[in-house]
Amino acid sequence: MDDAHLPDRSPVADVAAALQGKKVLLCVTGGIAAYKVAYVARGLAQSGADVRVIMTRSAERFVGAQTFASLTGNKVYTELFGEGPDVPHVELARGADLAIVAPATANSVAKMALGIADDLFSATLLTVRCPIVVAPAMHTEMWENAATQHNVHLLLERGVIVVGPVSGALSSGDEGPGRMVEPDEILGAAAEVLVRSQDLAGKRILVTAGGTQEPIDPVRFIGNRSSGLMGIEIARAAHERGAKVTLVIGPSNVPPPPGVDVIRVKTAQEMRDEVFELAGDADAIVKAAAVADWRSAEHADQKLKKAAGPPEIDLEPTPDILSELGHSGGIRKPTSILVGFAAETQPDAGALSALAEEKRAAKGADIIVANDVSSPDSGFEVPTNRAVIAGPDGVIDVGLVTKRALAKALVDRIAKLL
Ligand code: PMT
């Protein structure tokens, strides 16, 4: 798996403290690495987590349920149907703080990606609302198969944390990518997700994304190439850390992350109206949208006829939403953090930093993310971005990273300021 698909991860100093008192679902599927997951179960239980283990039928061929029952002090769950009115998958899923799937076989990754729910493991994972950590383990050929890679991408897109696999000795005697990461790494990832999933709890974050479309006539508009992805990743990153997120988004085909309130708009004026309605309650406002700077002063009710010749279009400026938020008092909370973007045709980090600082002052923003929109791998429509983040505590050169990684770096910065 290339770097662009790996989530950014930074270790949590006190893993046990992060896991203490948490309800963790540990889903063990059928691979030889299942024996190592006994150490994960022990680590979780020793940290004070309440661990409920779900095993698939194949997993039971590798390790006995009694092992996990002894290590966790809890019954091990294997059956989709309970006795009487019990609905085990719903009961297990509700109230869980975290679900871990380890080892995650190619089959279990595929079931999760497709939303199949034909056993207790898959039905429970389709029901959970908590973060999910997946530790794949399989033969190299299965890992590298296009179907598995596609399924893993789907999981990543939905915010699932995938740790590993690593390269090493496999059960067949082969060597290569497909080996499950060590139990300590799974525990570290679990702790990190739990810490991250909470530090913005109780905060409201308003994010704008996508481009606006300013009508000329009923079918034509002034617009730009923004896909909405950058803002969507910011909304996802903030939501994953527990914030209540509202996304105000222009026309976009990228699916917004689950759990985020979405308001769809078309024009700069509509975006301004929605943002101003919500700004008073927001702890942070992030303006990743590419708002059109100009609109047609008038727009025709009927489609302009080609036969009438090229029309003369008078342009007028759209409202500058970021600048109004930055300079007019009373619209947003005085303590809120205002973040703007700067779309610049400059790949050089030094030049981007200077432009970011300039725009920060001009727009009255706390943070400006200046990104290069001149290179084919950065800016509009692509999954990666080259950017610097300028804030009151200095400028960070993030370099060329996935939009997801940039979003995480930005949300880290916002979390610190909040
Ligand atoms: O959507 P993607 O395909 O993922 O692409 C992401 C992106 C390149 C669009 C994004 O990363 C980005 O750079 N967004 C800001 C684009 C832009 O409008 O930049 P600007 O330098 O023209 O505007 C500066 C800031 O003012 C932005 O925060 C913008 O939202 C805001 N603005 C601009 C004009 C206006 N009328 N009102 C505004 O609020």
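Residues numbered from 1 in each chain as written. Predicted model: local features only at pLDDT ≥ 70, side-chain atom pairs only at ≥ 80, totals over all residues. Heavy atoms only, no water.

Draft legend 1. Summary view of the overall build of the chain. Secondary structure assignment for the chain yields 14 helices and 20 strands. Computed over the C-alpha atoms, the radius of gyration of the chain is 24 Å, within 12% of the 22 Å expected from 2.2 N^0.38 for a compact globule of 418 residues. Along the first, second and third principal axes, the C-alpha atoms of the chain reach 75 × 50 × 50 Å. Here the chain holds 418 residues, and 51% of them are scored as buried. As displayed, the chain has an accessible area near 19100 Å², and 51% of this comes from carbon and sulfur atoms. Computed over 41 positive and 53 negative side-chain charges, the inter-centroid distance for the chain is 3 Å. (Helix = DSSP H or I, 4+ residues; strand = E, 2+ residues; numbered from the N terminus. Rg over C-alpha atoms; globule rule 2.2 N^0.38 Å. Buried < 20%, exposed > 50% of the residue type's maximum accessible area, 1.4 Å probe, protein only. Areas by Shrake-Rupley, 256 points an atom, 1.4 Å probe, with all protein chains shown as cover. Lys, Arg positive; Asp, Glu negative; His and termini not counted. Charge placed at Lys NZ, Arg CZ, Asp CG, Glu CD.)

Draft legend 2. Up close: the site of the ligand. The ligand sits among 29 residues. The nearest are Ser226, Ser227, Ala289, Asn371 and Lys403. One of the backbone nitrogen or oxygen atoms of Gly228 is found 2.8 Å away from an oxygen atom of the ligand. Taking Lys363, its side chain carries an N or O atom lying 3.5 Å from an oxygen atom of the ligand. Looking at the shell around the ligand, the elements with two or more residues in it are α10 (229-240), α12 (321-327), β17 (337-344) and α13 (349-363). Of the residues in the shell around the ligand, the class split is 14 nonpolar, eight polar and seven charged. (Near = heavy atom within 4 Å. Polar contact = N/O pair within 3.5 Å; in protein donor to acceptor, adjacent residues only side chain to side chain. Nonpolar A, V, L, I, M, F, W, Y, C, P; charged D, E, K, R; others polar.)

Draft legend 3. Local environment of the pairing of strand β4 (residues 98-104). In terms of burial, β4 is largely enclosed, as seven of its seven residues are buried. Across four bridges, strand β1 (residues 23-28) lies against β4 in parallel orientation. Bridge assignment links Cys27 to a residue of β4, and that residue is Val101. Of the pairings in the sheet, the one linking β4 to strand β5 (residues 132-136) comprises four bridges and is parallel in character. Bridged to Ala99 within β5 is Ile132. (Pairing = 2+ DSSP bridges.)

Draft legend 4. Up close: the nonpolar core. Grouped together as the largest cluster of nonpolar side chains are 36 residues, with contacts concentrated most on Leu26, Val28, Leu44, Phe68 and Ile100. Listing elements by their share of this core, those giving two or more residues are β1, α2 (34-46), β2 (50-55), α3 (65-72), β4, β5 and α9 (183-196). In this structure, Ile100 is in contact with Val24, Leu25, Leu26, Cys27, Leu44, Val133, Ile186 and Ala190, ignoring residues within four places of it in sequence. (Core = buried A, V, L, I, M, F, W, Y, C linked by side-chain atoms within 4.5 Å. Contact = heavy atoms within 4.5 Å.)

Draft legend 5. Focus on the packing of α2 against α9. Packing of α2 against α9 leaves a shortest axis separation of 9 Å and a crossing angle of 45°. With respect to α9, the element α2 is oriented oblique. At the point where α2 passes α9, the crossing takes the right-handed sense. From α2, Lys36, Tyr39, Val40, Gly43 and Leu44 reach across to α9, where they touch Pro183, Ile186 and Leu187. (Axes fitted to C-alpha atoms, helices over the stretch in contact; angles between N-to-C directions. Parallel < 35°, antiparallel > 145°, perpendicular 65-115°, else oblique. Left-handed = near helix turned anticlockwise from the far one by under 90°.)

Draft legend 6. Summary view of a negative patch on the surface. A cluster of like negative charges, contributed by Glu141, Glu144, Asp174 and Glu175, occupies part of the molecular surface. Here Glu141 lies in helix α7 (residues 140-144). (Patch = residues over 30% accessible without salt bridge, like charges linked within 9 Å, V, L, I, M, F, W, Y side chains within 5 Å. Salt bridge = Lys/Arg side-chain N within 4 Å of Asp/Glu carboxyl O.)

Draft legend 7. Up close: the domain arrangement of the chain. Domains assigned within the chain are domain 1 (15-196) and domain 2 (204-417). Using C-alpha coordinates to define each centre, domain 1 is positioned 37 Å away from domain 2. Carbon and sulfur atoms supply 35% of the area that domain 1 and domain 2 bury against each other, a total of about 550 Å² over both sides. Our count for the domain 1 to domain 2 interface comes out at zero salt bridges. The interface formed by domain 1 and domain 2 holds one residue pair in polar contact (both at pLDDT 80 or more) in total. (Domains from an automatic or database assignment. Buried area = accessible area lost by both parts, 1.4 Å probe.)

Draft legend 8. Representation of the packing of α10 against helix α14 (residues 403-417) within the structure. Contact pair α10 / α14: the axes reach a minimum separation of 8 Å and the direction vectors enclose 50°. Put simply, α10 runs oblique to α14. Relative to α14, α10 is oriented so that their crossing is right-handed. Only Lys403, Arg404, Leu406, Ala407, Lys408, Leu410 and Val411 of α14 make contact with α10, whose side of the interface consists of Leu229, Met230, Glu233, Ile234, Arg236, Ala237, Ala238 and Glu240.

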